[in-house]
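For reference, the chains in residue letters:
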Amino acid sequence: MFRHILYYVTSVFLLLHPYVCYSTDYKPDKETEKRIEALLGKMTLEEKIGQMNQLHCENFPYLKTETRKGRVGSVMSITDPNIFNEVQRIAVEDSRLGIPLINARDVIHGFKTIFPIPLGQAASFNPEIAETGARIAATEASAAGIRWTFAPMIDITHDPRWGRIAEGFGEDPLLVSQMGVAAIKGFQGSSLNHPTSIAACAKHFAGYGASEGGRDYNSTYITERQFRNLYLRPFEAAVNAGAATLMTAFNDNDGIPSSANPFLLKDVLRNEWNYRGTVVSDWASVSEMIRHGFCEDEKEAALKATNAGTDIEMVSETYIKHLPQLIKEGKVSMETIDNAVRNILRLKFRLGLFEHPYIADQRKETFYRPDFLEAAQTAAEQSAVLLKNERGTLPIQSNIKTILVTGPLADAPHEQLGTWVFDGDASYSQTPLQALRRISGDSIKVLYAPGLNYSRDTATSQFNKVVELAREADLILAFVGEEAILSGEAHCLANLNLQGAQSRLLHRLSETGKPLVTVVMAGRPLTIGREVNISDALLYAFHPGTMGGPALANLLFGKVVPSGKLPVTFPKETGQIPIYYNHTSTGRPASGSEKNIFTIPVGAEQTSLGNTSFYLDAGKDPLFPFGYGLSYTTFAYSNLQLSSTQYTRNEVIIITFDLTNTGKTDGTEIAQLYFRDLAASVTRPVKELAAFERIHLKAGETRHIRMELPVKQLSFWNYAMDYCVEPGKFDLWIGGNSRKGLKATFNITQ
Ligand code: BGC
C-alpha cells in the first residue's frame, strides 16, 4: 500500500515537470529476461494464450470474468482510472499469477489537448512538434490510465482519396521517418517505466497506405523492392528508435493479409531488424482473413496469424478459442507461443506494470494545462501552409477596418479537431471567429455570417446576406474545408472538390471585388485550383486542433509568419492520383510543352511520336508540389558548393550555401536538400529528399548554411537486392520546395 502511495506522489510530482526531450531506453536486459523466463515457467497454456488476447472494454462484465481466469492480457479504451483499477485489481489480486493488464487506446494527435492532425504536423517539417505533441498526449493519457497508444501511423501514401492520409505524415520516407521517430520518443519518454510514458505502436505494418484506389482496407501490390525502398523505411527507423510495439495492417499485399505475412513479420522484422517488441494485430484483422478468402474459418485464421508472428490478437478472440487445439494438433509450436508471450511480458516489465499496476486519478490537474495549450498553438502555427498571397493581401494591414468572417469552419469547435479524436472536448476548442474577435479588439470591426452551416451544406439561402455583409467589409476571411468526419479511417472520397456549396459561396464572395482570403481546414489535400484562382490569399491549415483559432488569427495578422511546407503533393484533379514528387522518370518524361486538349487540332492524325507521360487535360504538374509553401517574406538561395565532386562510399558530402531573407519581414524557411541517382541497376526517383532544416532569418539577413549528407544515405535496394550505393553520377538540389532549387552534381566512385 505504502509503495503505491509513494508511487502516486512521485507521479504527480513528475507530471508537473515540463515535457522535455527524451530518448528511448531499451536494451535487452538480463534481469528482465530472467523475470520473463521465470514467469513463463509458471504459466499454463491457457494463461499464455490469455496474454495474447486483447479485449475491448465494451463488455465490462465479460472482461472481468476473463481477466479473473487469466484469459486476457490487454484491454482497449478504458479512460477512467477508477474503472481501470477495478479490472486491474482482478488481474493482479484475483487471477492465479497476478499478471497485470495493459490499457491501450488510440491517442493519435492528442488525448485532451488536441494537436493538428499528423499530416498537418508534418507540414511543420519540425520533428520537435511531433515529439512535444506526443509527450503531452502521453502525459494526459497516462493520467487517465492509458499506458499504450496505437500511434504513430507511419504509412506512406500517395493517395489523398484515402481518408487515413490525415493520420500519417505524408508521402516522403525521410519526413515520415523523422516525424514518426519523434512521436515515438515523445510517447515513450525517457524510459517506458516512467509513469507518464506510454508505449508507442508504429502502424500499420505494412503497405496499407497504398490501398488500391484510395479505398480503405483495400488490397496492395507492392513489390519487395518497393517495400524496402519506400514503405518499410519509416518502420525500420521506428524499430531502431525503440518503438515498443508494432501493429499489422488491414491490407493484403499480393494476396497475403498483413496479419499473416511471414515475410514482413518474421524475415524482415524479427530476423533482419532483430525486433524485440510486441506485434499486435489490427482490429479483428485476424478473423477478417476469412472474408479476405485467405482462411476457411477462425481456427485457420488463428493458425496463420500466430505462425506468421502476430503476438496479440485485437478483439476477435480466435487465439483464445483455437490455439489450445492447434497446439495439440502440433500445428502451432509451444516455442511460437512462448516467443509471443515473452514479447508481451517484456512490454509489461518495461512499463513497470508489475511494480505499479494501478493508476492514480490525476485527471483534473493534467488535462488542458496552459503550457499544453500553448504548445498546441505553436504546432498549429507551424502546420499551416500559405499557398497564395497576391499583392501582400496577408498579413492583414492596418488600413483594414472591417472584416467579414464567413464559412462553415469559422466557428466549428468540433470540426477543427480533425479525425481520431475520442477524448478531446470540443468545448475547449478556440475557434478562428473567437480568436479573430479577440485579436481585433476595438480597432477592427468583425462581421460574421457562416453562409453555410457545415461543409456539406448545399443550401444557398444565406448567401445574399453574406454578400451584403461582404460589401460593408474591407476584407473577407472565408473558412472552408471538410468536417472532421470526412477524413480518417473508412472515410475515403472519390471526389476531392470542396463539399456542398462552399465553392459557390467563395465565387459569390469573390464577385464582390473585396479581397478574399480563403483558409482551408481539411484532413487531406483537396482539389482547390478553382478556389485558389479566385482567392487573393489562401492558407491551408489542415485540421489544426484545439488551438486552431488563435494560431490562425496570429498568422492572418502577421504576429506569426507562415512557415509550413506541403508534406504531400496537391493534385489539380483527382484523376491525376497517384501523383507524388519522388516518382521515377519513365522513358518519356513530360516536358510541359506537350499539346493538350486545347491545342490539338481538330481531326489531327494519330501519332505517338514525341509524346510523353502526361494528361491531355491536366498536364504533368500538380496544383502544388511537395515541399511548397510561401511566407510573408521571400528567401533566396545562392552559392551552392559541395566539398568535392567525387566521393567514395564511406565519405560524407558537405553541402554549403547561402540563404538570404530578401523581404522586409523576419521569417523561417524550410531548406530542402534533394538528390537524384542518375543511372542505376534499377530506375531511381527523379528526386529524393535527403535533409531539411528550419532556418529563421531576420529581414535582410544572409546565413551561410552547412548540411551533411553521408554517402551511405544514397543507398537503395538494387537489382541484386543488395542495400548499397552504386557508383555513378548524381544530381543534388537545395531549395525551398521539390520543384525549384540550385543544382550541383557529383560522382560516387568505386
Ligand atoms: C485501426 C487502427 C486502430 C484500431 C484500434 C482499427 O480500425 O485500423 O489503426 O488502432 O482500430 O482502434
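Residues numbered from 1 in each chain as written. Predicted model: local features only at pLDDT ≥ 70, side-chain atom pairs only at ≥ 80, totals over all residues. Heavy atoms only, no water.

You'll find the protein chain entered in an unreviewed UniProt entry as beta-glucosidase, with Bacteroides cellulosilyticus CL02T12C19 given as the organism. Under the UniProt heading Catalytic activity (unreviewed entry), the entry covering the protein chain gives this text: "Hydrolysis of terminal, non-reducing beta-D-glucosyl residues with release of beta-D-glucose." Under the heading Sequence similarities (unreviewed entry), UniProt records this for the protein chain: "Belongs to the glycosyl hydrolase 3 family." (UniProt positions renumbered as here; feature names shortened; annotations may be inferred.)

Chemist: Which residues make up the overall build of the protein chain, and what values go with them?
Modeler: Along the protein chain, the regular secondary structure elements total 22 helices and 26 strands. Over its C-alpha trace the protein chain gives a radius of gyration of 27 Å, about what one expects of a compact globule, namely 27 Å for 750 residues. C-alpha extents for the protein chain along the principal axes are approximately 75 × 65 × 55 Å. For the protein chain, the residues scored as buried account for 62% of the 750 residues in total. (Helix = DSSP H or I, 4+ residues; strand = E, 2+ residues; numbered from the N terminus. Rg over C-alpha atoms; globule rule 2.2 N^0.38 Å. Buried < 20%, exposed > 50% of the residue type's maximum accessible area, 1.4 Å probe, protein only.)

Chemist: Got a sec to walk through the pattern of salt bridges? Specific residues and values, please.
Modeler: Tallying each qualifying case throughout the model produces 40 salt bridges. Glu-47 is the partner of Arg-96 in a salt bridge, and the nearest nitrogen-oxygen pair spans 2.8 Å. You can see Arg-96 sitting in the loop between α5 (81-94) and β3 (102-105) and its partner Glu-47 sitting in helix α3 (residues 45-51), a full 49 residues away along the chain. Under the relative-accessibility criterion, Arg-96 is labelled exposed at 55%. Taking the shortest distance from any N to any O, the salt bridge between Glu-167 and Arg-164 comes out at 2.6 Å. For the pair shown, Glu-167 and Arg-164 are each scored as buried. In the salt-bridge network here, residues are joined through shared partners; they are Asp-106, Arg-164, Glu-167, Lys-203 and Glu-489. (Salt bridge = Lys/Arg side-chain N within 4 Å of Asp/Glu carboxyl O.)

Chemist: Describe the packing of helix α19 (residues 463-472) against helix α20 (residues 502-511), naming the residues involved and giving the relevant values.
Modeler: Orientation of α19 relative to α20, taken along the N-to-C sense of each, is 35°, at an axis distance of 9 Å. The handedness of the crossing between α19 and α20 comes out as right-handed. Across from Phe-463, Asn-464, Val-466, Val-467 and Ala-470 in α19, the residues of α20 making contact are Arg-504, Leu-505, Arg-508 and Leu-509. When grouped by side-chain class, the residues that make up the contact of α19 with α20 number 6 nonpolar, 1 polar and 2 charged. (Axes fitted to C-alpha atoms, helices over the stretch in contact; angles between N-to-C directions. Left-handed = near helix turned anticlockwise from the far one by under 90°. Contact = heavy atoms within 4.5 Å. Nonpolar A, V, L, I, M, F, W, Y, C, P; charged D, E, K, R; others polar.)

Chemist: Give a detailed account of the sheet that holds strand β22 (residues 702-710), specifying residues and quantitative values.
Modeler: One open sheet accounts for 3 strands, arranged β17-β19-β22; its pairing is antiparallel. Here the strands that pair on one side only, and so sit at the sheet edges, are β17 (635-642) and β22. For this sheet, the mean angle separating the axes of adjacent strands, direction not counted, is 25°. For strand β19 (residues 652-661) and β22, the ladder comprises 9 bridges, and the chain directions are antiparallel. Looking at β22, one finds that Val-652 is bridged to Pro-710. (Pairing = 2+ DSSP bridges.)

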